[in-house]
Amino acid sequence: MPRAHIELGRQAVIAPVRRRTFGSFVEHLGRCVYTGLYEPGHPSANDDGFRMDVVELVGELGSTTIRYPGGDFVSGFRWEDSVGPREKRPVRRDLAWRSLESNQVGLDEFAGWLKLTGSEPMLAVNVATRGILPALDLLEYANHPSGTALSDLRIANGTPQPHDVRMWCLGNEMDGPWQTGFMTADDYGKPAARTAAAMKRADKDLELVVCGSSGSTTPTFGDWERTVLEHSYDHVDYVSCHAYYQEHDGDLGSFLASATDTDYFIDTVVASADHVGHKKRSNKKINVSFDEWNVWYLKGHQASEKMHDEWRHARDRVTSASLAQLVNVIAPIMTEPGGPAWRQTTFYPFSITSRLASGEVIRPLIEAPTYETARYGEASVVDAVATADEDRAAVFLVNRDLAQAAQVTIDVRSLGSSRITEAVTLADSDVYAKNTLARQDRVTPAANNGAALADGLLTIELPPTSWTAVALR
Ligand code: AHR
């Protein structure tokens with residue numbers, strides 16, 4: 001049985017737990033919006049046609065900021081189509097997903113839905129096929145209180161209060177040849193910078209996200225970030241990362257070590273951003289918005305300040321992230337038109353982590369056996385993330401061993417924890433098992449009853465290929 005030992009030092013702070021890193025993403029794609037969030041006539045629908053069973057699951061998921069309306073969809077989007085009387089809204093061809101968009105759900109309806117879920121909006125402007133003025137118009141419509149043409153139009157459309165959207169994406173995946181209006185880094189960096197500068201002229205407190213690479217294996221990765229930021233550094237606050245992982249050719253070992261790539265991706269983007277910042281002699285730091293991440297079987301269907309001390313590592317630069325996507329499309333929440341909504345397997349780690357993570361992220365020192373992966377080199381059999389505030393701590397663990405349980409001891413003395421309040425594990429003898437309409441609870445977390453804490457030493461057994469959370473007081 002593999003054995004691992006983890007030291008948790010209360011002072012080894014990486015960064016505060018930021019609520020925005022529990023964001024998600026709603027795109028006009030597939031059944032995410034229509035018959036996902038919105039299904040008038042569904043037994044659980046409210047007067048506006050939104051499914052309250054889905055709203056309830058979104059609350060339980062614990063997602064925070066929600067990115068909208070795309071994704072690739074945004075590169076063909078005219079925001080004006082999506083507001084005003086519904087019967088007058090045009091049906092448009094959406095070239096990104098080759099579908100018809102009825103515009104029956106638009107900006108104001110989505111903002112109304114967000115209120116039901118208590119989430120914050122993160123909107124995208126279309127830099128690919130539109131321009132600065134439509135972006136400024138959308139900003140005025142969404143955020144200006146009243147007394148201008150477009151804010152008054154919003155009010156006339158039934159939304160008196162401004163939506164007060166803080167985070168804005170400047171297009172989406174502009175490096176990808178699949179993107180309508182895709183560009184070279186040089187061609188994108190310029191309009192992105194100008195759009196950002198103009199938007200900040202309207203509201204200097206906006207938080208703007210410039211497109212980074214759509215994956216860490218794209219041919220332009222690294223150079224793209226450098227070039228785009230050379231143009232836009234002074235005007236933007238975030239650079240985006242997108243990553244989807246899947247098992248390739250039966251190589252489950254590499255797939256389970258995908259987080260190695262995520263680390264490499266973030267480190268490289270931060271290095272590129274800092275390189276540009278140093279060249280510009282700028283004190284400003286660009287953060288990372290990891291605004292699309294998930295498992296996606298594409299092939300299959302196309303510190304607080306007081307914690308400073310010598311242990312401290314560079315602060316984490318990912319201050320916002322979005323699980324892509326929220327409902328039906330690569331999603332933690334699934335729905336059946338006219339039928340139920342249920343939790344996909346991926347729902348549980350997200351929801352439990354969102355609920356238990358608090359305070360600051362603590363860097364764990366992990367001693368564990370390693371194994372060789374074809375894609376990412378050596379990977380630790382056991383991986384862990386830990387968080388702690390003054391009262392609570394949590395450890396999130398993965399056992400990547402396909403066949404054997406791992407016995408783990410965790411030294412939590414420096415956290416001062418004295419009891420376990422919750423220990424749950426997500427595992428299944430069939431690693432490909434999922435939750436379906438017919439079997440909605442096929443895979444659910446179960447209490448890990450073997451977890452024990454004595455004299456500051458937590459002991460726990462992790463089943464093969466499993467995910468576990470332990471909450472401490
Ligand atoms: O999340 C699905 C799609 O994946 C998004 O529209 C696009 O940005 C990415 O390629």
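Each value, and the rule that gives it
- Residues numbered from 1 in each chain as written.
- Predicted model: local features only at pLDDT ≥ 70, side-chain atom pairs only at ≥ 80, totals over all residues.
- Heavy atoms only, no water.
- UniProt positions renumbered as here; feature names shortened; annotations may be inferred.
- 1 Å grid on protein atoms, 1.4 Å probe; cavity = no way out; pocket = protein on both sides within 12 Å on 5 of 7 lines; lining within 4 Å.
- Points joined across faces, edges and corners; volume = space filled by probe spheres on them.
- Helix = DSSP H or I, 4+ residues; strand = E, 2+ residues; numbered from the N terminus.
- Nonpolar A, V, L, I, M, F, W, Y, C, P; charged D, E, K, R; others polar.
- Salt bridge = Lys/Arg side-chain N within 4 Å of Asp/Glu carboxyl O.
- Buried < 20%, exposed > 50% of the residue type's maximum accessible area, 1.4 Å probe, protein only.
- Pairing = 2+ DSSP bridges.
- Lys, Arg positive; Asp, Glu negative; His and termini not counted.
- Contact = heavy atoms within 4.5 Å.
- Domains from an automatic or database assignment.
- Buried area = accessible area lost by both parts, 1.4 Å probe.
- Polar contact = N/O pair within 3.5 Å; in protein donor to acceptor, adjacent residues only side chain to side chain.

- In the nomenclature of an unreviewed UniProt entry, the chain is known as non-reducing end alpha-L-arabinofuranosidase of Streptomyces poonensis.
- According to its UniProt record, the chain has this under Catalytic activity (unreviewed entry): "Hydrolysis of terminal non-reducing alpha-L-arabinofuranoside residues in alpha-L-arabinosides."

### Quick word on empty space enclosed by the protein
So, step 1. By volume, the largest cavity is sized at about 70 Å³.
So, step 2. Lining the largest cavity we find Val74, Phe77, Trp79, Ala124, Val125, Asn126, Arg130, Gly131, Pro134, Ala135 and Leu138.
So, step 3. The dominant element in the lining of the largest cavity, judged by the number of residues it contributes, is helix H3 (residues 132-143), at three residues.
So, step 4. A breakdown of the residues in the lining of the largest cavity according to their chemical character gives eight nonpolar, two polar and one charged.
So, step 5. Looking at the second largest cavity, its volume works out to about 50 Å³.

### A closer look at the pattern of salt bridges
So, step 1. Going through the model one piece at a time under the given rule, you end up with 26 salt bridges.
So, step 2. Arg355 is the salt-bridge partner of Glu422, the closest N and O atoms lying 2.8 Å from each other. A residue pair is termed long-range when its members are at least 10 positions apart, and Glu422 in strand E20 (residues 420-426) and Arg355 in helix H9 (residues 347-356) qualify at 67 residues.
So, step 3. Overall, Arg355 belongs to the partly exposed group, its relative accessible area being 43%.

### So, unusual backbone geometry
So, step 1. Looking along the chain, the bond that leaves Tyr68 and enters Pro69 is cis, with omega of 0 degrees.
So, step 2. Within the element layout of this structure, Pro69 appears in the loop between strand E3 (65-68) and strand E4 (92-94).
So, step 3. Following Gly70, the chain continues to Gly71 via a peptide bond in cis, the omega torsion being 15 degrees.
So, step 4. At Asp249, a residue that is not glycine, the phi angle is positive and equals roughly 50 degrees.
So, step 5. As for its position among the elements, Asp249 is in the loop between strand E9 (238-245) and helix H7 (252-256).
So, step 6. On the accessibility criterion, Asp249 (74% relative accessible area) is exposed.

### Things to note about the sheet that holds strand E18 (residues 393-399)
So, step 1. Taken together, the ten strands give an open sheet; going across it, the order is E21-E20-E24-E18-E17-E14-E1-E19-E23-E22, and neighbouring strands pair in mixed fashion. Taken across any chain shown, the strands that pair with only one partner, and hence form the sheet edges, are strand E21 (446-447) and strand E22 (452-454).

### Here we look at the side chain of Asp261
So, step 1. Of note, Asp261 is situated in helix H8 (residues 259-279).
So, step 2. No salt bridge forms around the buried Asp261; measuring N to O, its nearest opposite-charge neighbour Arg375 is 7.7 Å away.
So, step 3. Apart from residues no more than four positions distant in its own chain, Asp261 is found in contact with Ser216, Tyr245 and Tyr376.

### Quick word on the domain arrangement of the chain
So, step 1. The domain boundaries assigned to the chain delineate domain 1 (3-11 + 358-472) and domain 2 (18-356).
So, step 2. Centre-to-centre, using C-alpha coordinates, domain 1 lies 29 Å away from domain 2.
So, step 3. Both sides of the domain 1 and domain 2 interface together cover about 3,100 Å² of buried area, and 62% of this is carbon and sulfur.
So, step 4. At the surface where domain 1 touches domain 2, the tally comes to one salt bridge.
So, step 5. Applying the counting rule to domain 1 against domain 2 returns ten residue pairs in polar contact (both at pLDDT 80 or more).
So, step 6. Where the side of domain 1 that touches domain 2 is concerned, the elements lending two or more residues are strand E1 (3-16), strand E14 (360-367), strand E15 (370-373), E18, E20 and strand E24 (466-472).
So, step 7. Taken together, the residues that form the side of domain 1 that touches domain 2 break down as 18 nonpolar, ten polar and ten charged.

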